[in-house]
Amino acid sequence: MRAFINWLNAVALVLGGPGLFVIAFLDSSFISLPQINDVLVVLMVTEHKARMPYYALMATLGSVAGCYTIYYLAEKGGETFLRKRLSSGRIERALDLYKRHGLLALMVPALLPPPAPFKIFVLAAGLAEVRPLAFVTAIAVARGVRYLALGVLAIYFGDAALELMRTKGAVVAFGLVGVIVLAALLWFILSRRRRRRAARAQ
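Scope of this entry: the structure provided in the associated data block.

Calculation criteria
Along every chain, residues carry numbers that run from 1 in the direction the sequence is written. With pLDDT at 70 or above as the cut-off, local features in this predicted model cover only qualifying residues; side-chain atom pairs require 80 or more to be listed or tallied, and sums for whole chains, interfaces and linings still use all residues. Hydrogens and water molecules were not included; the side-chain quantities draw on all heavy atoms of the structure. What counts as a helix is a DSSP run of H or I of at least four residues, what counts as a strand is a run of E of at least two, and both are numbered from the N terminus. The classification of residues rests on relative accessible area computed with a 1.4 Å probe and restricted to protein chains. Under 20% of the type maximum is buried, over 50% is exposed, and intermediate values are partly exposed. Should any heavy atoms of two residues lie within 4.5 Å, those residues are counted as being in contact. To get an axis, a line is fitted to the C-alpha atoms, and for a helix only the part in contact is used. The angle between two axes follows their N-to-C directions and goes from 0 to 180 degrees. Each angle receives one of four descriptions, namely roughly parallel if under 35 degrees, roughly antiparallel if over 145, roughly perpendicular if within 65 to 115, and oblique otherwise. Helix crossings are classified by the rotation of the near helix relative to the far one: an anticlockwise turn of less than a right angle makes the crossing left-handed, while a clockwise turn makes it right-handed. Note on residue categories: nonpolar means Ala, Val, Leu, Ile, Met, Phe, Trp, Tyr, Cys or Pro, charged means Asp, Glu, Lys or Arg, and polar means any other residue, Gly included. Here the aromatic set is Phe, Tyr and Trp, taking the six-membered ring for Trp, and pairing holds for ring centres within 6.5 Å; pairs whose planes are under 30 degrees apart are stacked, those over 60 apart are edge-to-face, and all others are tilted. Take a side-chain nitrogen of Lys or Arg and a carboxyl oxygen of Asp or Glu: if they are within 4 Å of each other, that pair is a salt bridge. By convention a nonpolar core is built from buried Ala, Val, Leu, Ile, Met, Phe, Trp, Tyr and Cys residues, the set being connected through side-chain atoms within 4.5 Å. Take the residue count of a helix, subtract one, and multiply by 1.5 Å to get its expected span. Polar contacts here mean pairs of N or O atoms no more than 3.5 Å apart (in protein, one a potential hydrogen donor and the other a potential acceptor; neighbouring residues in sequence count only if both atoms are side-chain atoms). Neither His nor the chain ends is counted toward charge; the positive residues are Lys and Arg and the negative residues Asp and Glu.

Thoughts on the overall build of the protein chain
Phase 1 of the analysis: When helices and strands are tallied, the protein chain shows 9 helices and 0 strands.
Phase 2 of the analysis: Ordered by position in the sequence, the α and β elements of the protein chain form the string α-α-α-α-α-α-α-α-α.
Phase 3 of the analysis: Counting every position in the protein chain, which comprises 202 residues, the buried fraction comes to 42%.
Phase 4 of the analysis: Contacts in the protein chain between residues at least 24 apart in sequence constitute 78% of all its contacts with a sequence separation of at least 6.

A word on the packing of helix α2 (residues 17-28) against helix α3 (residues 36-47)
Phase 1 of the analysis: One way to put it is that α2 packs onto α3 with a least axis distance of 9 Å and a crossing angle of 165 degrees. Relative to α3, α2 is oriented roughly antiparallel. As α2 runs across α3, the sense of the crossing is left-handed. Packed against α2, whose contacting residues are Leu20, Ile23 and Ala24, the element α3 presents Ile36, Asn37, Leu40, Val41 and Met44 at the interface.
Phase 2 of the analysis: Tallied by class, the residues present in the contact of α2 with α3 amount to 7 nonpolar, 1 polar and no charged.

Some details on the packing of aromatic side chains
Phase 1 of the analysis: According to the stated counting rule, one finds 4 aromatic pairs in the structure shown.
Phase 2 of the analysis: Ring centres of Tyr54 and Tyr55 lie 5.6 Å apart, and the angle between their planes is 45 degrees; on these two criteria the pair is classed as tilted.
Phase 3 of the analysis: Taking the relative accessible area as the measure of exposure, Tyr55 reaches 3% and is therefore buried.
Phase 4 of the analysis: Where Tyr68 meets Tyr71, the ring centres are 5.5 Å apart and the plane angle is 40 degrees; that geometry is what we call tilted. Taken together, the positions of Tyr68 and Tyr71, both in helix α4 (residues 52-85) and 3 residues apart, correspond to about one turn of that helix.
Phase 5 of the analysis: A relative accessible area of 31% places Tyr68 in the partly exposed class.
Phase 6 of the analysis: Classification of Tyr71 by relative accessible area gives buried; the value is 0%.

Comments concerning the pattern of salt bridges
Phase 1 of the analysis: One pass over the structure, following the stated rule, counts 1 salt bridge.
Phase 2 of the analysis: Close ionic contact of Asp38 with Arg146 constitutes a salt bridge, the shortest N to O distance being 2.7 Å. Here Arg146 lies in helix α8 (residues 132-157) and Asp38 lies in helix α3, a separation of 108 residues in the sequence.

Observations concerning the nonpolar core
Phase 1 of the analysis: Ranked by internal contacts, the top residues of the largest apolar core, which has 26 residues, are Tyr98, Leu106, Phe118, Val122, Phe135 and Ile139.
Phase 2 of the analysis: Put simply, the parts of the chain that give this core at least two residues each are α4, α5 (88-101), α6 (104-111), α7 (119-127) and α8.
Phase 3 of the analysis: Among the elements that make up this core, the one with the highest residue count is α7 (6 residues).
Phase 4 of the analysis: Sequence-distant contacts of Tyr98, that is, excluding residues within four places in its chain, are made with Ala105, Leu106, Phe121, Val122, Ala124, Ala125, Ala128 and Val130.
Phase 5 of the analysis: Core analysis: the second largest hydrophobic core is formed by 22 residues, Ala12, Ile36, Ala56 and Leu150 among them.

A short note on α6
Because the α-helix completes a turn every 3.6 residues, residues three or four places apart line up on one side.
Phase 1 of the analysis: In terms of burial, α6 is a largely internal element, 7 of the 8 residues being buried.
Phase 2 of the analysis: Regarding α6, the residues found buried are Ala105, Leu106, Met107, Val108, Pro109, Ala110 and Leu111.

Considering α2
Phase 1 of the analysis: The terminal C-alpha atoms of α2, which comprises 12 residues, lie 16 Å apart, in line with the 16 Å expected from a rise of 1.5 Å per residue.
Phase 2 of the analysis: Three or more residues of α2 are buried, namely Gly17, Gly19, Leu20, Ile23, Ala24, Leu26, Asp27 and Ser28.

Some remarks on the side chain of Thr60
Phase 1 of the analysis: Note on placement: Thr60 falls in helix α4.
Phase 2 of the analysis: A polar side-chain atom of Thr60 sits 2.7 Å from the main-chain carbonyl oxygen of Ala56.
Phase 3 of the analysis: Discounting residues that sit within four places of it in the chain, Thr60 has contacts with Ala140, Arg143, Gly144 and Tyr147.

A closer look at the side chain of Arg143
Phase 1 of the analysis: Inspection of the secondary structure assignment puts Arg143 in helix α8.
Phase 2 of the analysis: Among buried Asp, Glu, Lys and Arg side chains, Arg143 stands out as unpaired, with Asp27 the closest opposite charge at 5.1 Å.
Phase 3 of the analysis: Only 3.0 Å separates the side chain of Arg143 from the side chain of Ser63, close enough to count as a polar contact.
Phase 4 of the analysis: When near neighbours in sequence (up to four residues on either side) are disregarded, Arg143 contacts Ser28, Thr60, Ser63, Ala110 and Phe118.

Structure (structure tokens):
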């Protein structure tokens, strides 16, 4: 397995952006490749800083595609699919978090670095009847912010960005979630004001 992972790592480095897409897809779907995509993003951005948005985008798209694959399988297979792969207690805890926190229960794990659990929330999203568009949007925003943040850190700190994400990843993730929530709230308030003004003008 280690030889296979090393081979994937080497191929991805040669391919660049497409390699990031493939690794992110595999890691988010059928094969667990903890932190390899993070390492690849840091290495590629450190070498080609101007391509950071492109690398972050490819890693995000691959992760969205991989997550949607297992979300789709869980949605179609239902509870039986999940019970075969996860314990009842883990499923119930994940579903309870969805009931209490909505999509934040998906976005926070998506922002956190390994070994934070993530796939269980992706699988449970299908059982919790999260709408596909909402699911894809939540994953895209969370993973996009994560890889952009990692890319920015790589530009300024190089390889040390990985250690920073490993030791302070939770703090960074919750801070980013706070920014996302505030931005969404601001957008909601501004949209509501615009609709009121448009209604008055009619």
